[in-house]
Amino acid sequence: MVRDVLNILYVDDEADIRTIVELSLGLDPDLIVKVADSGMEAMEVLGRDGWLPDLMLIDVMMPGMTGMELLATLRQRPDTAAIPALFCTASARSTEVQRYIDAGAIGVVSKPFDPLRLAGLVRRHYEGVKG
Amino acid sequence: MAASLPAEHRPAPRLWRVLAIAALIPLALITIALWLTSNFDSLLKGQHDIEQAYRREIAIAALISEIKDAETGQRGYVITGNPSFLAPYMDARERVGAKMAQVDRLFATQSADVRGHVSRLRALVPRKFVEMQLVLDARESRGVDAAAAIVAAGNGKRLMDDIRTEVAAIEVHQNGDLARVVAQGIARTEYGRRAYLIGVSLVTLIAFLAAYFIWHGRRSRYVAMQEALNHSARQDAIFNSAINAIVLINPSGSIEIMNPAAERLFGHSATHLLRRDIATIVNIAPGEGPFLDRLGLGPNGLAEPFRPLLPARTANGETVPVEVALGLMPLEDGMHIVAVFGDVSEREKVERIKDQFLSTVSHELRTPLTSIVGSLGLLRAGTFESLSDQSKRLVTIAENNANRLIRIVNDLLDAEKLQSGEMEFAMAPIDMRDVVAGSVEGMGGLAETHGVTLRFEPGPDPVMVHGDSDRLVQVVGNLLSNAIKFSPKGEEVVLSALPYGGRCRVAVADRAGGIPLELRDRIFTRFAQATGASTASTPGTGLGLSISRDIVRHHGGNIGFQDNDEGGTTFTFDLPLHGVTPGTTTSFDGLNGQSYLILYTNKSEAGWLTEWFASRSMKTDVVETIPEALAAIHQRRYMAMIVDVQFADGDAPALLQTVRGVPSGRALPVIAIANETLVSDPGDLAALDIVDWLAKPLATEQLGDAVAAAIARAAMDMPLILHVEDDPDTLDITATALSGLARVSHATNLASARAFLDNFQVDIMIVDIALPDGSGLDLVSELSARDGPTPPVIIYSAQDCGASDVREVEAVLTKSKRSLPNLVDTIVAIRDRQDREKHGA
């Protein structure tokens, strides 16, 4: 089965985790990852030189603009409104998961995650929406 | 502290008892006095008797003396002729009548014998005087010789002798009488003396007793008063020094007393709040009506004696969170309430801090752990550069421990959430076979590491429970990881998930060393871990089993373990089976596990359908030809048939008519799947009673709706069974066995069975014989008298009975696990017959 090349934007304030997510997702050569360290940077990266990802992976607890706020803002932007988004969080209580889904996310990746399986997980979430 | 008795149990002194005791003492004294008096009377009578005896003697002596005086005077005159000698004679003759009369009177009460002597004496005395007068007359007229001749004749002497004889006889009597009377008198005197002594002793005794009782009564009262004083002093000390605020409330809800702690807590002085409604400070009984009713006081005490969080209003207008424990204090003027308040503002603050802390742990601890585990995982996998074996080992150690830290954090959070009731459960109907299979898959790696084999052979039928799949996977995972970690290398851990006694039982059996003795009774408590060499290499958090127990309990189940005969331990947990709530009409969810027939030639489409049903715990059979379909319908009962109309190559009507032509296909709900043209114009297929038409490509939602409609149709078509049975287990098991086959309602006694029959047309009845209010056979014999058709009856009872000859009884089955299939078969047979009758085949 031919797998699509997917562009992914990962937004997290924790530099270490950004690195690990980049490396983990990089295990799937068809995933191309860009990272941003805050909601503000994500807003800048998106649409710069016409680049838009197929999927966004957004940390929830970030200083300044939270993941929820970022997604709400992106949903208002015509060019980003339809990009599927996954939240990434270290406090995945079941009520909160529902809150994230209600906010428009297609799913939640809970931290800590298995770095060797992260790429597959993200891909499955994406295919769940597109397929 | 002595428990105080309720007021009605304290005996009050009774007036009648006091009066009885007060009356008894004078009564005893009067009796003694009367007794003594009667003794004195008897003594007096003895004295009187003696006196009378002497009187009689004197009277006799006086009579004799008169006669002798008369004789002396007579002789003097006869000898001398001197008339002066006649004076004593004359006096005696005059007096003798009176003396004789006196003797008569005194002897009137004597015995007949004595009275005989007396009457002879009375006859002799006049004769003596007549003889003496005769002598006197002879002396006077004829001289002394004539008189001497008469005397010499001896008549006078003889009379005198006779008199003496009579007197002597009387005296003998009299002496005997006197001796007897005197002896009686002595005896009476002696008796009287004793009686007197006894009487005095009794009076003294009574006086002593009375004195003792008075003393005892006063002493008891004194002791009781001292005790009451001590008791009250103790209570006062407790009341006054208690840290908790204590308020005593009367039956109308007003404050009677409060302790200093209450004054401090509420900021009011006790006097200020006296007789004020308790709601002034804390509204412990909101609502309308009498205070005790609002408080929820019933015959079994208070419905809710402890209330963990209520707002209290203090004097300066602040609100303080308090908890309150309510106690009952029955007093003579009604039920009083003791309310003990605790200030929980500190605790609330700590709760908030703890929540914050947990949130911090959750996020701040997991974030660095994410980096560590992620880095180590990538390193170990050798993704970027290959490591030396030693480095790889070290990385594995680091990764394992980081993972362990994550588990500890997760377990701590879970345990906390379960304890505080904050754990949220996403409840849904789930198949426990999937749960166990999921856990087995998740633990495969651990099992491999420990060289332990996992064996799980799921049964053929779904085991449905209502639960949170993730949490139950966690429970099985906990049990499984323990079993793996404690099992010796090369052993096997066996899992099962099966219906068991109306519940679902999941079992995890290992061949490990068993549970150490000291751990057995607290293995499900927090941080209960086996210590020692055998466990040094297999550390856990000590929370897994406690979490498992809490999760299972939340599902209405219970968890336990037992030793295996061949060594090792089996941990089991039971959960209520889903959809077998007795007495309810079988619901959509309860039909999970039923079969669907799929008639399709396109294998990939059929596969998609099969998966769709399987993911909802429903079974399917796929057939490709009409004869196969008919054979399948004949063999088992399907909830619905899903037919690809294209399959029939445009001859769908012929296909459906064939299905409708066999008894078991007559009422089978059919879902037809066709391309859009056919769906928009079904034509003559409309007459074939199809539940729903679906257009290709199939959409999940529409298929769901169609299946729900088919189930509703099937349920409508199901017979209504009334199961009359008082044993909840039998009801459970039977309802499970019949789910999908019938709507089963139950009645646990004859009365409710009759009420049910009054209201519903029952198709089949299952009746137990021994019921709490009579025999099930009575109910059966009443059936023919009821309106409407008489339902066939199956006697399903533990006792053997002669019920088979009752006309309405279809079958008699003895309750047992083995007879359950017979019961189901009998019902299927009845249902088929009823179907045929209904359709007039």
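> Help me get a handle on the sheet that holds strand S17 (residues 640-644) of chain B, residues and values and all.
All names here are of chain B. Reading across the sheet, the five strands line up as S16-S15-S17-S18-S19 and stay open at both edges, with parallel pairing between neighbours. Since the sheet does not close on itself, it has two edges, and those belong to strand S16 (619-623) and strand S19 (692-695), each with one partner. Averaged over neighbouring strand pairs, the angle between their axes works out to 20° when direction is ignored. Strand direction decides the pairing type here: strand S18 (residues 670-674) and S19, joined by four bridges, are parallel. Within the sheet, the bridge partner assigned to Ala 674 lies in S19 and is Ala 695. Sheet strands touched by helix H16 (residues 626-635): strand S15 (595-599), S16 and S17. Its angle to S15, the strand with the most contacts, is close to 170°.

> Please set out the sheet that holds strand S25 (residues 793-797) of chain B residue by residue, giving values where relevant.
Strands in a sheet are paired, the pairing made by backbone hydrogen bonds, and the direction either parallel or antiparallel. Residues and elements named next belong to chain B. As summarised here, the arrangement of the five strands in space is S21-S20-S22-S25-S26, forming an open sheet in which the pairing is parallel. Looking at the sheet topology across the chains shown, the edges are occupied by strand S21 (743-747) and strand S26 (809-814). In this sheet, neighbouring strand axes are inclined to one another by 20° on average, regardless of whether the strands run parallel or antiparallel. Relative to strand S22 (residues 764-767), strand S20 (residues 720-724) runs parallel, the two sharing four bridges. Within S22, the position partnered with Leu 722 by the bridge is Met 765. Along the sheet, helix H20 (residues 728-738) makes contact with S20, S21, S22 and S25, crossing S20 at roughly 160°. Against the sheet, helix H21 (residues 750-759) touches S20, S21 and S22, its axis set at about 165° to S20.

> Which residues make up the interface of chain B and chain A, and what are the values?
Of the residues lining the interface, 19 residues belong to chain B; the matching set on chain A comes to 18 residues. Among the residues chain B hides against chain A, the three largest losses belong to His 363, Thr 370 and Leu 378 of chain B. Together they make up 31% of the total. If you look at where chain B meets chain A, you find zero salt bridges. In this structure, the connection of chain B to chain A is made through one residue pair in polar contact (both at pLDDT 80 or more). Listed by contribution, the elements that provide at least two residues to the side of chain B that touches chain A are helix H9 (345-380) and helix H10 (389-420) of chain B. It is H9 of chain B that provides the largest number of residues to the side of chain B that touches chain A, a total of twelve residues. Within the side of chain B that touches chain A, the residues separate by chemical class into five nonpolar, nine polar and five charged.

> Could you give an account of the packing of aromatic side chains, with specific residues and numbers?
For the structure shown, the criterion picks out nine aromatic pairs over all chains. Between Phe 524 of chain B and Phe 561 of chain B the ring centres are 6.3 Å apart and the planes differ by 45°, which places this aromatic pair in the tilted class. In this pair, Phe 524 of chain B is assigned in the loop between strand S12 (503-509) and helix H14 (544-554) and Phe 561 of chain B in strand S13 (residues 558-563), connecting sequence segments 37 residues apart. Owing to a relative accessible area of 12%, Phe 524 of chain B belongs among the buried residues under this scheme. Plain terms: the ring middles of Phe 524 of chain B and Phe 571 of chain B are 6.1 Å apart, the flat faces sit at 85° to each other, and that makes the pair edge-to-face. In this pair, Phe 524 of chain B is assigned in the loop between S12 and H14 and Phe 571 of chain B in strand S14 (residues 569-576), connecting sequence segments 47 residues apart. For the pair shown, Phe 524 of chain B and Phe 571 of chain B are each scored as buried. Every member of this aromatic cluster is reached through a ring pair, and the members are Tyr 212, Phe 213 and Trp 215 of chain B. Directly above the ring of Trp 51 of chain A sits Lys 34 of chain A, whose terminal nitrogen or CZ lies 4.3 Å from the centroid.

> Describe the pairing of strand S9 (residues 453-456) of chain B, listing the residues and the values that go with them.
The side chains of a regular strand alternate, residue by residue, between the two faces of the sheet. Residue and element names in this part refer to chain B. Burial along S9 is one-sided: Leu 454 and Phe 456 are buried, while Thr 453 and Arg 455, pointing the other way, are not. Note that S9 and strand S11 (residues 492-500) share four bridges and pair parallel. By the bridge assignment for S11, Thr 453 is matched with Glu 492.

> Just give me the short version of the packing of helix H1 (residues 15-26) of chain A against H9 of chain B, but keep the residues and values in it.
For the pair H1 of chain A and H9 of chain B, interaxial distance at closest approach is 9 Å and the crossing angle is 35°. Crossing geometry of H1 of chain A relative to H9 of chain B is assigned as left-handed. Of H9 of chain B, the residues touching H1 of chain A (which contributes Asp 16, Ile 17, Ile 20, Leu 23 and Ser 24 of chain A) are Thr 367, Thr 370, Ser 371, Gly 374, Ser 375 and Leu 378 of chain B. A per-class count over the contact of H1 of chain A with H9 of chain B returns four nonpolar, six polar and one charged.

> Can you tell me about H16 of chain B, naming the residues and giving the values?
Residue and element names in this part refer to chain B. Those residues of H16 that fall on the buried side of the exposure criterion are Ala 629, Ala 632 and Ile 633. The buried residues of H16 occupy an angular sector of 100° when the element is viewed end-on, so they sit on one face. What points out from H16, more than 90 degrees from its buried face, is the exposed set Pro 627, His 634 and Gln 635.

Definitions and cut-offs
- Residues numbered from 1 in each chain as written.
- Chains lettered and ligands numbered in written order.
- Predicted model: local features only at pLDDT ≥ 70, side-chain atom pairs only at ≥ 80, totals over all residues.
- Heavy atoms only, no water.
- Pairing = 2+ DSSP bridges.
- Helix = DSSP H or I, 4+ residues; strand = E, 2+ residues; numbered from the N terminus.
- Axes fitted to C-alpha atoms, helices over the stretch in contact; angles between N-to-C directions.
- Contact = heavy atoms within 4.5 Å.
- Buried area = accessible area lost by both parts, 1.4 Å probe.
- Salt bridge = Lys/Arg side-chain N within 4 Å of Asp/Glu carboxyl O.
- Polar contact = N/O pair within 3.5 Å; in protein donor to acceptor, adjacent residues only side chain to side chain.
- Nonpolar A, V, L, I, M, F, W, Y, C, P; charged D, E, K, R; others polar.
- Phe/Tyr/Trp six-rings, centres within 6.5 Å; stacked < 30°, edge-to-face > 60°.
- Buried < 20%, exposed > 50% of the residue type's maximum accessible area, 1.4 Å probe, protein only.
- Lys NZ or Arg CZ within 6 Å of the ring centre and 35° of its normal.
- Left-handed = near helix turned anticlockwise from the far one by under 90°.
- Arc of directions from axis to C-beta.

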